[in-house]
Amino acid sequence: GAGAGAAVASNAGAWTGAGEDSGISHHASVRREPGAVGAPKDAEGNSPAANTLSITNTSTSTPAHESTSAGVCSTVARHTNGRPAFCSLCGEPVRARTHADFLLDQPRDSNEYVAQFVASTALHAMVTHPAAHFHRLLESRSLRKECSESWAVLRRVCALVAGLRASNPRGHIVIFDLCCGKSLTAVLCAYFFPDNCTIVAVDRRPAKFLPHFEALPNIQFLQANLFEFDASMAAALTAAGPDATGIIVGMHLCGLLSEKAVSLFSSHPAIRGLVLSPCCIPKANASPVVARANKLRVDQYDYWCLQLLTSLYPLRRQLERDESILSARNAVIVARK
């Protein structure tokens, strides 16, 4: 309808809670010391020892990949830059240089979200983690695209958290990262909201595909089917305390999963905020969206996003296109109660 169309903005700046005012202030340049991972190349264009892939084994009693009786890998082998050669939890090999290091080595990125992510203390903490517990996340080949998506979500979550804190400064907040994928959004939220806040990463895939959350005490993983998640979400909110409130996050939820995220937000009184970026539209045999969009001769993705926005009526909601998300599917819906 006209009301829904009027809510569409062409730029992320249209969201009044976006940007620095949204509470994202954890930006500090990551300074590379000589010999550190990702240190700049020398005058001859050669990388210093920090960037080599050789491994130094400092122990002769236990192989680097051998698990101890406690089930934890005795990570004694290290790359020459000091990074562990094997993960201390899963035993998987850890690269001396990750895709995160390549981002850190580049001049300031032209994408504002990527640039802010690279300068954040959260990335610095992940890259320098002594046991390399975030190796699966940092080695992602699509890290640049993923960080633009996660940062877009984070800046909006900051605005929602600020609003909840204003009304209830001591209330516990639970952030549900639905279909969390590689969990970059969940990890960033855990770093940015360390106090009185629990992050619940939800996905159908087993935990072996995710980062090791042991490094962050305020994050947990639930392997669950989103279409059967109502009871689990209610239990997580109950466990957080009688005054706990929740925020639902969904970055690039496919098909009817976006509709389910809207349903979870609308049906649970304790869920006070929603940040949703839909991805692919539902299949033609599962929803009339495609047929209706074609009949109206409008873009199918735009029509799907407007349908989701309209379904949130009469709650406060907003739909905008965020051009800083490195994807053509860059619509973001924000709603609050």
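Preceding block: the structure.
Note that the structure is predicted; figures quoted are calculated from it, not measured.

Undergrad: I'd like a rundown of the packing of helix α10 (residues 289–296) against helix α11 (residues 300–310), residues and numbers included.
TA: Angle between the axes and distance between the axes are the two parameters that describe a pair of packed helices. Two numbers describe how α10 lies on α11: the axes approach to 9 Å, and their chain directions differ by 115°. Relative to α11, the crossing made by α10 is right-handed. Within the contact between the two elements, α10 uses V289, V290, R292, A293, N294 and L296 and α11 uses Q300, Y303, W304 and Q307. Residues of the contact of α10 with α11, tallied by class, amount to six nonpolar, three polar and one charged.

Undergrad: So what's going on with the environment of G171? Which residues, and what values?
TA: In this structure, G171 sits in the loop between α6 (143–167) and β4 (173–178). Measuring from C-alpha to C-alpha, the distance between G171 and P242 comes to 9.0 Å, with 71 residues separating the pair along the chain. Ignoring sequence-local partners within four residues, the contact set of G171 consists of R165 and N196.

Undergrad: So what about the environment of L253? Which residues, and what values?
TA: Relative to the elements of secondary structure, L253 occurs in strand β7 (residues 245–253). Classification of L253 by relative accessible area gives buried; the value is 1%. Sequence separation between L253 and C179 is 74 residues; the distance between their C-alpha atoms is 7.0 Å. Once you skip the residues sitting within four places of it in the chain, L253 turns out to touch L178, C179, S258, A261, L276, S277, P278, C279 and C280.

Undergrad: Describe the nonpolar core, with residues and values.
TA: Grouped together as the largest cluster of nonpolar side chains are 51 residues, with contacts concentrated most on F117, M126, V157, I175, L188 and F193. Broken down by element, this core gets its largest block of residues, eleven residues, from α6. In this view, F117 contacts L123, M126, C147, W151, L184 and L188; residues no more than four positions away in its chain are not counted. By size, the runner-up hydrophobic cluster in this structure holds 35 residues, among which are V174, A261, L264 and I271.

Undergrad: Quick one: what's the story with empty space enclosed by the protein, residue by residue and with numbers?
TA: With the rule as written, the count across this model stands at two cavities of 30 Å³ or more. The volume enclosed by the largest cavity comes to roughly 50 Å³. For the lining of the largest cavity, the elements supplying multiple residues, two or more each, are α4 (121–127) and α5 (135–138). Of the residues assigned to the lining of the largest cavity, the class counts are six nonpolar, two polar and one charged.

Undergrad: Run through helix α7 (residues 184–192), naming residues and quoting values.
TA: In terms of burial, α7 is a largely internal element, eight of the nine residues being buried. Among the residues of α7, L184, T185, A186, V187, L188, C189, A190 and F192 are the ones counted as buried.

Undergrad: I'd like a description of the packing of aromatic side chains, backed by residues and values.
TA: Under the defined criterion, the tally for this structure stands at four aromatic pairs. Each ring, one from F117 and one from W151, has its centre 6.3 Å from the other, and the planes form 75°; the classification is edge-to-face. Of this pair, F117 sits in helix α3 (residues 112–119) while W151 sits in helix α6; the two residues are 34 residues apart in sequence, bridging distant segments of the chain. Of the two residues, F117 and W151, neither departs from the other in class, the shared state being buried. With a centroid separation of 6.0 Å and an interplanar angle of 80°, the aromatic rings of F176 and F229 are classed as edge-to-face. Separated by 53 residues along the polypeptide, F176 in strand β4 and F229 in the loop between β6 (219–223) and α8 (230–239) bring together distant segments of the chain. Summarising the burial analysis for this pair, F176 and F229 share the class buried. One aromatic cluster is present, built from ring pairs that chain together F117, W151 and F192. The lysine or arginine in question, R97, covers the ring of F102, its NZ or CZ lying 4.2 Å from the ring centre.

Scoring rules and cut-offs
Residues numbered from 1 in each chain as written. Predicted model: local features only at pLDDT ≥ 70, side-chain atom pairs only at ≥ 80, totals over all residues. Heavy atoms only, no water. Axes fitted to C-alpha atoms, helices over the stretch in contact; angles between N-to-C directions. Helix = DSSP H or I, 4+ residues; strand = E, 2+ residues; numbered from the N terminus. Left-handed = near helix turned anticlockwise from the far one by under 90°. Contact = heavy atoms within 4.5 Å. Nonpolar A, V, L, I, M, F, W, Y, C, P; charged D, E, K, R; others polar. Buried < 20%, exposed > 50% of the residue type's maximum accessible area, 1.4 Å probe, protein only. Core = buried A, V, L, I, M, F, W, Y, C linked by side-chain atoms within 4.5 Å. 1 Å grid on protein atoms, 1.4 Å probe; cavity = no way out; pocket = protein on both sides within 12 Å on 5 of 7 lines; lining within 4 Å. Points joined across faces, edges and corners; volume = space filled by probe spheres on them. Phe/Tyr/Trp six-rings, centres within 6.5 Å; stacked < 30°, edge-to-face > 60°. Lys NZ or Arg CZ within 6 Å of the ring centre and 35° of its normal.

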